[in-house]
Amino acid sequence: MIRNYLLIAWRNLWKNKTTSFINIFGLMTGITCCLLIGLYIYNELSFDKFQQKGNRIARVIMQYRFSTGDFNSGNFTSTKVFPTFRKNFPEVESGVRMSQRKMVVSVGSKQFDEPGVMFADSTFFNLFSFKLLQGDKKDVISGLNKIVLTQTTAKKYFDNENPVGKTLKLGTGADLYQVTGVIEDCPANSQINFDFLTSFSSLGETQEETYWDANYTTYLLLKDVKGFETLQPKIAPFMRNEMKGQNATVNFILEPFTKIHLYSEYESFVPNTSITYIYILAAVALLILSIACFTYINLSTARSMERAREVGIRKVTGAHKNQIFGQFISESALLSLIALIFSIGVVLALLPAFNSFTGRSLSASLLFSPGVIGAALFITACIGLLAGSYPAFILSNFRPVKVLKGSFKNTASGIVLRKTLMVFQFVISVFLITSSFVVQSQLHYIQNKNLGYDRQHILVMPLDDKMSDNLKTIKTEFTSNPNVKSVCRAQNLPTEIVSGYNMRNEAMAENDQMAVTANRIDEDYIKTTGIQLIAGANFTQQDLKDIETDDQSKKKYHFILNESAAKVLGWTPQEAVGKKMFLDNSRPGIVKGVVKDFNFLSLHSPIKPLVLFTESWGRNMLVKISGENIPQTISYLEGKWKTLIPYRPFEYHFLDEDYDRLYSSEMRLGNVMNLFAAIAIILACAGLFGLSSYAVQQRIKEIGVRKVLGASVFGITALLSKDFLKLLVISFFIAAPVAWFSLSRWLQGYSYRITMPWWVFLLAGLLLMLIAIITVSFRTIKAALTNPVKALRSE
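Nothing here was measured: the structure is a model prediction, and the numbers come from that model.

Parameters at a glance
Residues numbered from 1 in each chain as written. Predicted model: local features only at pLDDT ≥ 70, side-chain atom pairs only at ≥ 80, totals over all residues. Heavy atoms only, no water. Helix = DSSP H or I, 4+ residues; strand = E, 2+ residues; numbered from the N terminus. Buried < 20%, exposed > 50% of the residue type's maximum accessible area, 1.4 Å probe, protein only. Contact = heavy atoms within 4.5 Å. Areas by Shrake-Rupley, 256 points an atom, 1.4 Å probe, with all protein chains shown as cover. Lys, Arg positive; Asp, Glu negative; His and termini not counted. Charge placed at Lys NZ, Arg CZ, Asp CG, Glu CD. Salt bridge = Lys/Arg side-chain N within 4 Å of Asp/Glu carboxyl O. Patch = residues over 30% accessible without salt bridge, like charges linked within 9 Å, V, L, I, M, F, W, Y side chains within 5 Å. Pairing = 2+ DSSP bridges.

### Here we look at the overall build of the protein chain
Phase 1: Check the secondary structure of the protein chain and you find 27 helices and 22 strands.
Phase 2: In terms of overall dimensions, the protein chain has a C-alpha envelope of 110 × 60 × 55 Å along the principal axes.
Phase 3: Looking at the protein chain as a whole, 52% of its 795 residues are labelled buried.
Phase 4: Of the contacts formed within the protein chain by residues at least 6 apart in sequence, a portion of 79% connects residues at least 24 apart.
Phase 5: Here the protein chain has roughly 36,000 Å² of accessible surface; of this, 57% comes from carbon and sulfur atoms.
Phase 6: Of note, the protein chain has its 83 positive side-chain charges centred 16 Å away from the centre of its 62 negative side-chain charges.

Rendered as structure tokens:
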């Protein structure tokens, strides 16, 4: 019987090629979207699942404030937290302090700038389940200058030789590190990712005196999962006692390790993904699949009269209702299975582009994993059942006596169903088009907003102590090229200044501090970045000489504030110049100037107080070029680099790349919305084309009569199109408020955002209406131009 069902189903699909193509194309597209998005979501949800103790690991988040101001927080701690917590809280079994650095690594003639050098305590393997291939977990990083390499890194530096026992040079000094082990490459779905794992003690920074100097990441291993509930309430009173006598509040929050990648507002060692975007992607996939299913249901019910005679004959010859129902469900299942097979091929073809699109490395083997295959078959079965059930139910309930009367065609139920599903399709399309426009408008605003500094044509290069000592010569040599405008040193780039300090003015008590962000720079920083100085003067080389003394009492700092910092200290920009202030109490000095507020964080955050000051240390060198002859200018800089800095490879990137990285999630979302809005329009139009074709076919004789009576092509086209356009208008008024509410909520996440433009909704509606008119007109104009004699021949 099943064989007979499938045979008849195949014949019907082959007989109605246009309808079958539209249905298969729609379902294939919907399933392809679901599979691609499903693979991405599966990968994101699988982050750190391999960590056997992951549910007992907590990342420590520091919260602090001084006597005034709001709490500041971040995923940083001092080196004191782990040993103190292990000593004082029985819930803590172990822990690890970590810091990732970018360093020059060299072996013989091989020399690379490596961003993935991870310093960690010897307890690292007590917490994390990375597989050590060579070496003993207990002592591979238990002493000074010990290092473990990943498999890929070991091959990169030592080819096929055994690296254990050999040495590497890290940094620009003379320190040699002994390779004590080899570890498997970190999985792609791990928030802890590195190429080198070396001993934390090699940093020489293991003080246990203060909770400040918070420049490290701390993870704690709790004895059991309940430790989160019992330990967290103990921390605040413990820290109040620890900070007694200090005019500052410090607290620590335990963040579950398994929640960091999707739920944390604080970055990890790899970029996080917001759970909100996961929900958005899942919803978009569901909406696309819904459009495909609605198209199938619409076309199936619209074709019901064509198959009414078949149903009547089957019933007269003794077929039961269940058998007829099974026949049509079989057709739906076969259609869905064919669509799934095509979808798998399309996914395999699109996977490399999708990986580039999302910034992930999803492998084809993941598509054929039992979980994904099971989910794909389940979705396909659900599509076949849900999309096929209603048409099968309607067709199997036809009464043989009334079949030739076309009763279903003339009942309100079938018409209302088709119109309702068509409205849903248009609602989804309008929503996605509007969302795409708004997201793109916000991204355009982000890309073109005046940030208060210039990020165009600025090269960012690494800076180390040796280079700092020779910076004057480097600047002279670089700027001897007329296309190089200026060179400066900075601790943080202007795109993201995150270093936390505290400050006070002369009138405030010594223990009365305000939290502030600060950045070490030199005298060419403002010129290079184009920050606007609105009061006072820029730094000079003499300002740096004023602090180059070992006698603390003779050091004289100079500061440049932004407008917000001057305001919280109680000054106007003009009043601030010449005032005395203190940075971290250890840096007394004079305010030399005030700059206009600029966005030194993501546009998600408001502009906060900022202090710029000079010190002979920085990790970034910024090179402003003219924008003309860029390849030749970079080639010139590379030649000078090799002459002046032969001990490290030439490396650079553009400052605007750092800025774009701040909004990588938004850009991916924008691309996704554009893609799926286009897919939604295509699927909706495919369904509309199919329905309009059947509508024309059912009214072909009416069209012939109207033409004989003198109706114009335009009049007939308008007559046949108006019902579809009415549905589109209804869809617009449903979708617009839903889109407005959803997008307003999304924009609330930005401190600086566009005002929701009303014309976006109108444009989305008009665009979809235009596409719908073109789609419907293609079939209706063809019908209107048909010779009426052919239509009326049978009468």
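Structure shown, so let's carry the discussion forward.
### Observations regarding the pattern of salt bridges
Phase 1: Considering all chains together, one arrives at 23 salt bridges under this definition.
Phase 2: The residue Lys 475 makes a salt bridge to Asp 522 at a minimum N-O spacing of 2.7 Å. With a gap of 47 residues between them, Lys 475 in helix H16 (residues 471-478) and Asp 522 in the loop between strand E15 (514-521) and helix H17 (525-529) connect regions that are remote in the sequence. By the burial criterion, Lys 475 is buried, and Asp 522 matches it.
Phase 3: When the shortest N-O distance is used, the salt bridge between Glu 638 and Lys 642 registers 3.5 Å. Separated by four residues within a single helix, Glu 638 and Lys 642 lie in helix H21 (residues 630-644), roughly one turn from each other.
Phase 4: The exposure class of Glu 638 is partly exposed, given its relative accessible area of 28%.
Phase 5: Residue Lys 642 is classed as exposed on the basis of its relative accessible area, which comes to 54%.
Phase 6: Among the charged side chains, a network of salt bridges with common partners joins Lys 475, Asp 522, Glu 523 and Asp 524.

### Quick word on a nonpolar patch on the surface
Phase 1: A cluster of nonpolar side chains, namely Trp 758, Trp 759, Leu 762, Leu 763 and Leu 766, defines an oily patch on the protein surface of about 560 Å² accessible area.
Phase 2: Mapped onto the fold, Trp 758 is located in helix H26 (residues 758-784).

### Examining the pairing of strand E12 (residues 458-462)
Phase 1: In terms of burial, E12 is a largely internal element, five of the five residues being buried.
Phase 2: Of the two faces of E12, the one carrying Ile 458, Val 460 and Pro 462 and the one carrying Leu 459 and Met 461 are both buried.
Phase 3: Strand direction decides the pairing type here: E12 and strand E21 (residues 620-625), joined by five bridges, are antiparallel. When the sheet's bridge partners are listed, Ile 458 is paired in E21 with Lys 624.
Phase 4: Taken together, the two bridges between E12 and strand E22 (residues 653-654) define a ladder with antiparallel strand orientation. Its bridge partner being in E22, Val 460 is matched across the sheet by His 653.

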